[in-house]
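# Chains, contacts and geometry: an overview
These are the residues of each chain, in order.
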Amino acid sequence: MSEKEIDKAIKNASASVEMEGFSIDEQSKILCKKLLLNEITMDDYILLVKQKAGVNA
């Protein structure tokens, strides 16, 4: 998946979430993009999302 395709996918997913009345902050979008670009592993992503949510990892 190219970076352009990833950006489009994240934008579409964000729009879908917003139509349901929720929102996605910029930090979450950045983490998702890093995961999809293989800059971080799934384990790293889960750890970072848990930390962001205040969950003890």
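Residues numbered from 1 in each chain as written. Predicted model: local features only at pLDDT ≥ 70, side-chain atom pairs only at ≥ 80, totals over all residues. Heavy atoms only, no water.

## Examining unusual backbone geometry
Using the following cut-off: Secondary structure follows DSSP: runs of H or I at least 4 residues long count as helices, runs of E at least 2 residues long count as strands, and numbering of each begins at the N terminus. For every residue, the accessible area (1.4 Å probe, protein chains only) is compared with the maximum for its type, and the residue is labelled buried under 20%, exposed over 50%, or partly exposed between those bounds.
Look at asparagine 38: it is not a glycine, yet its phi comes out positive at around 60°. Structurally, asparagine 38 is set in the loop between helix H2 (26–36) and helix H3 (42–53). Residue asparagine 38 is classed as exposed on the basis of its relative accessible area of 68%.

## Some details on the pattern of salt bridges
Basically, it comes down to this: By salt bridge we mean one thing: a side-chain nitrogen of Lys or Arg within 4 Å of a carboxyl oxygen of Asp or Glu.
Within this structure, the stated rule accounts for 3 salt bridges. Put simply, lysine 33 and aspartate 7 hold a salt bridge, and the shortest N to O gap is 2.9 Å. Of the two residues, lysine 33 sits in helix H2 while aspartate 7 sits in helix H1 (residues 3–19), which places them 26 residues apart along the sequence. Of the charged contacts in the structure, one is a salt bridge between lysine 52 and aspartate 25, with a shortest N-O distance of 2.8 Å. Of this pair, lysine 52 sits in helix H3 while aspartate 25 sits in the loop between H1 and H2, placing them 27 residues apart in sequence. Classification of lysine 52 as partly exposed rests on a relative accessible area of 37%. Overall, aspartate 25 belongs to the partly exposed group, its relative accessible area being 34%. One continuous salt-bridge network, built from bridges that share partners, spans Glu3, Asp7 and Lys33.

## Description of H3
Note: α-helices contain 3.6 residues per turn, so residues at a spacing of three or four share the same orientation. Rules: By this rule the span expected of a helix is its residue count minus one, scaled by 1.5 Å.
Between its first and last C-alpha atoms H3 spans 16 Å; for 12 residues at 1.5 Å apiece the expected length is 16 Å, and the two agree. Positive phi appears at glycine 54, one or two residues downstream of H3, with a value of about 80°.

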